[in-house]
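Notes for the structure review
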There are 2 protein chains.
Amino acid sequence: MTSIIRKIQSIVGRKHVATAPEDLLCYAYDATNRHHVPDAVVFPENTDQVAAILRVASEHRVFVVPRGAGTGMSGGALAVRGGLVMPMTRLNRIVSIDAQNLVAEVEPGVITGRFQETVEQQGLFYPPDPSSAAYCTIGGNVAECAGGPRAVKYGVTRDYVLGLEVVLPCGEIIKTGVRTAKGVVGYDLTRLIVGSEGTLGVITRIVLRLLPLPEAVGTLIAVFDDMSDAANVVSVVMRSGIIPRTVEYMDQAALQCVEQYLHAGLPVDAGAMLLLEADGSVQTVTVAVEHLADMCEKHGARKVVTGASEQESALWWDARNAISPALFRLGPDKINEDIVVPRNRIPEMVAWIDDLRKRTGLSMVTFGHAGDGNIHVNIMLDKRDKRVLAKAQQAVTLLFEKTVALGGTISGEHGVGLSKAPYLRMELGPVEIDVMKRIKEAFDPNGILNPGKIFPGA
Amino acid sequence: MTSIIRKIQSIVGRKHVATAPEDLLCYAYDATNRHHVPDAVVFPENTDQVAAILRVASEHRVFVVPRGAGTGMSGGALAVRGGLVMPMTRLNRIVSIDAQNLVAEVEPGVITGRFQETVEQQGLFYPPDPSSAAYCTIGGNVAECAGGPRAVKYGVTRDYVLGLEVVLPCGEIIKTGVRTAKGVVGYDLTRLIVGSEGTLGVITRIVLRLLPLPEAVGTLIAVFDDMSDAANVVSVVMRSGIIPRTVEYMDQAALQCVEQYLHAGLPVDAGAMLLLEADGSVQTVTVAVEHLADMCEKHGARKVVTGASEQESALWWDARNAISPALFRLGPDKINEDIVVPRNRIPEMVAWIDDLRKRTGLSMVTFGHAGDGNIHVNIMLDKRDKRVLAKAQQAVTLLFEKTVALGGTISGEHGVGLSKAPYLRMELGPVEIDVMKRIKEAFDPNGILNPGKIFPGA
């Protein structure tokens, strides 16, 4: 390893390779709270350095784990077999913003939130908004196909990636996709690489589609005594012809947790709360918000608040985005799921989850992008308590079985990575997995890139 | 071959295998006007039959060319190496329309236009609208990733495919994707197969995303003396914050051609005409149409017509959709291109094309989805005139060179197929092509599925 590290140092410079134990520890974790210490951390500055690193790694069969900001929820950034962790954070330039063609080009290390702010200053809009937008990188978003609240109207990261520059595991550089609104030349390598969780290639440049910034946004909250009513409203809303840009769901446990943390005045006695947004022209938004409020009231909301100031809306969103960190008040460890069911199955799903919570006595919190049927089920626990851990793992299996039985999927936006790999076979058949493995082999014959992810036992 | 055909007959029944020369001729052509006579035509009825046919074909290394309605523009449905043509037209059921979850499931042989009408009767909307919607099949649309006028706002076929059932060349059946709004489990086989032009697998079932039907649509035409002004308006419109659902461009030659054919009262002396649509709520549409009209007037339109009745709008669309067939008034053969450039390069591109037309004396007609920068350049000729044919082929090469130099792509929605394969290397590098070929091999190790397509010399 020493001689390999010397080669890597000669590519990026000594100071851009970390090997001290305290540095390695910093890159041993991600948002899953698991730890796997790499042999070294290398910080490339540009595509050519990435290519050179991968050539060395290929030659010596050293594992390479590309990494963004480490905010991933499924362990994609963890060096489970050691090797090199390669944060892409030095490739952090917004290369161009082309307002006329509604296209931007960025490096993978650009912080998503910073990019959003930058384009918004030019009257442009980049919709994908993972809750970690203030910290996460666009490269990580692309690798995991991140979603977020606005996906209900605007789709996920995949829907905004027009083209990529990617370094293949052997060090070859490819360009995929287009810089135009359309393009169908050859196989769709762009979308194949989006969501491939760093297992097929290292993304070094991203061409993104932008939209004009909507003129106005209206926000409302609807508070329900009964969480089933809140769940029911979702498909009523989605079927109504007005597509809100967010339909966020928070159950009582989520409300209570965040309230203790933020003291935002949330209705801690409610069964559930919905946070909805509509965007468009000023007129459209006014009409849409009234319409949404009306639907919530007609379907059992005990209280609907519209006409919030920008400040109040921001507070609601702070509360929403604080759920994930706030949950640690309930336990030092989190098992965090990301299921999706058809929208009209949400009532059945949340009732079932509530029943599971009661049956198991586990500390469970449910929230998420209800407009997409995407529910984050979190089990908070202390993993050192093996009895509780076993019960939690059993609950996860039951949850996934129920999800698949309802026609759903076990991951909507977090990816498979490490934490869902053991469950992959619950959703995919052996032939499907075999095709995917053949694709992996076509890209990465030596298997050096992000090993141990996606495929059970890989 | 006789014994193979007997095996195939035993799978689908004798009457569903055609071998008579007059039947073979009917399946020897597509919209490219090229002819390649297959050895037999087999009409499966269901997925199991498709799987059984592919197993026989694999065993005997017989080529199989899946086919929709044969409306493709790049030769994807042609049996260039003989073998079996397999129309999917008997798999033509709309399996389910789930209004609550905005999801439908269809077989590949469903006619796109029929599907649109069916969902619209339920207040739902399937946006992709290739101009051949009245005849083409959704399976063909998925295989080619078809676009259409509405792509400017709503995206292309890819953006509406949630999942697929696909028979692999060896006869194995896989299911890809999800039936939910989101899903990131494993590699994105769904989008890899969308646009793969029948070379990776045979699509037997399609899960489609639907939208609520917009309340209203407003149509307007803007007539320009100078085609450059028309081209200029496009990026002005797209940058304005109101995204129209169509921005169609027709040059003078296109207007004249259609007028002779339809006698619709088109402005045959104009340099170009734009056909625009906005959709949404009644109020939004009223505002949008005024805004679009205003922009056209400010940027050089000599005449703008708004407030058309549904009948008038339908006439404009009939005219637009008649361009492709009407062109044959100018010559018995068509070389039909499908380039895309960044929107703000459209003025430069159409001026360059006009200059090329003048320089070469070729009969050229330009129209297309200008809002996407997607321009259909058609050269009408008699291919028996070898001198003109050579000149036309040279013009195509120049056109593609210019397109790529402007940051564009040589195919926006028609695919590569047979007709663009010789030009693939103008857009893709050797490493990119090599990766695609390895993917092809991973799916189709025996190379039986739709040979001779996409890859030059394949």
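Quantities reported herein were computed from a predicted structural model and do not represent experimental measurements.

Turning to the domain arrangement of chain A, a few remarks are in order. All names here are of chain A. The assigned domain composition of chain A is domain 1 (2-87), domain 2 (94-212) and domain 3 (216-405). Centre-to-centre, using C-alpha coordinates, domain 2 lies 27 Å away from domain 3. Contacts between the two partners involve nine residues from domain 2 and, on the opposite side, 14 residues from domain 3. The interface formed by domain 2 and domain 3 includes one salt bridge. For Asp279, the salt bridge identified is with Lys153, shortest N-O distance 2.7 Å. At the junction of domain 2 with domain 3, the criterion picks out three residue pairs in polar contact (both at pLDDT 80 or more). Here the side of domain 2 that touches domain 3 gets four residues from one element, more than from any other, and that element is helix α6 (residues 151-154). Its residues assigned to classes, the side of domain 2 that touches domain 3 shows five nonpolar, two polar and two charged.

What follows deals with the interface of chain B and chain A. With 79 residues of chain B at the interface, the matching set in chain A holds 79 residues. Taking both sides of the interface into account, the surface hidden between chain B and chain A amounts to around 6,300 Å²; carbon and sulfur atoms contribute 61%. Summed over the shared surface of chain B and chain A, the number is six salt bridges. Among the ionic pairs, Asp372(A) bridges to Lys182(B), the shortest N-O distance being 3.4 Å. The interface formed by chain B and chain A holds 28 residue pairs in polar contact (both at pLDDT 80 or more) in total. If one sorts the elements of the side of chain B that touches chain A by residue count, helix α15 (residues 430-443) of chain B sits on top with nine residues. Classifying every residue of the side of chain B that touches chain A by side-chain character gives 36 nonpolar, 25 polar and 18 charged.

All names here are of chain A. In this fold, His299 is placed in the loop between α10 (282-298) and β15 (301-305). On the accessibility criterion, His299 (34% relative accessible area) is partly exposed. The sequence separation of His299 and Asp229 amounts to 70 residues, and the corresponding C-alpha distance is 6.5 Å. Discounting residues that sit within four places of it in the chain, His299 has contacts with Phe224, Asp229, Val233 and Val236.

Bringing the sheet that holds strand β2 (residues 40-42) of chain B into the picture now. Residue and element names in this part refer to chain B. With respect to topology, four strands assemble into an open sheet ordered β1-β2-β4-β3, the strand pairing being mixed. The open sheet is flanked by β1 (17-18) and β3 (64-67), the only strands paired with a single partner. With four bridges joining them, β3 and strand β4 (residues 84-87) adopt parallel strand pairing. By the bridge assignment, Pro66 is partnered in β4 with Met86. Sitting on the sheet, helix α3 (residues 47-60) touches β2, β3 and β4, and the angle it makes with β4 is about 170°.

Procedures and definitions
Residues numbered from 1 in each chain as written. Chains lettered and ligands numbered in written order. Predicted model: local features only at pLDDT ≥ 70, side-chain atom pairs only at ≥ 80, totals over all residues. Heavy atoms only, no water. Domains from an automatic or database assignment. Contact = heavy atoms within 4.5 Å. Salt bridge = Lys/Arg side-chain N within 4 Å of Asp/Glu carboxyl O. Polar contact = N/O pair within 3.5 Å; in protein donor to acceptor, adjacent residues only side chain to side chain. Helix = DSSP H or I, 4+ residues; strand = E, 2+ residues; numbered from the N terminus. Nonpolar A, V, L, I, M, F, W, Y, C, P; charged D, E, K, R; others polar. Buried area = accessible area lost by both parts, 1.4 Å probe. Buried < 20%, exposed > 50% of the residue type's maximum accessible area, 1.4 Å probe, protein only. Pairing = 2+ DSSP bridges. Axes fitted to C-alpha atoms, helices over the stretch in contact; angles between N-to-C directions.

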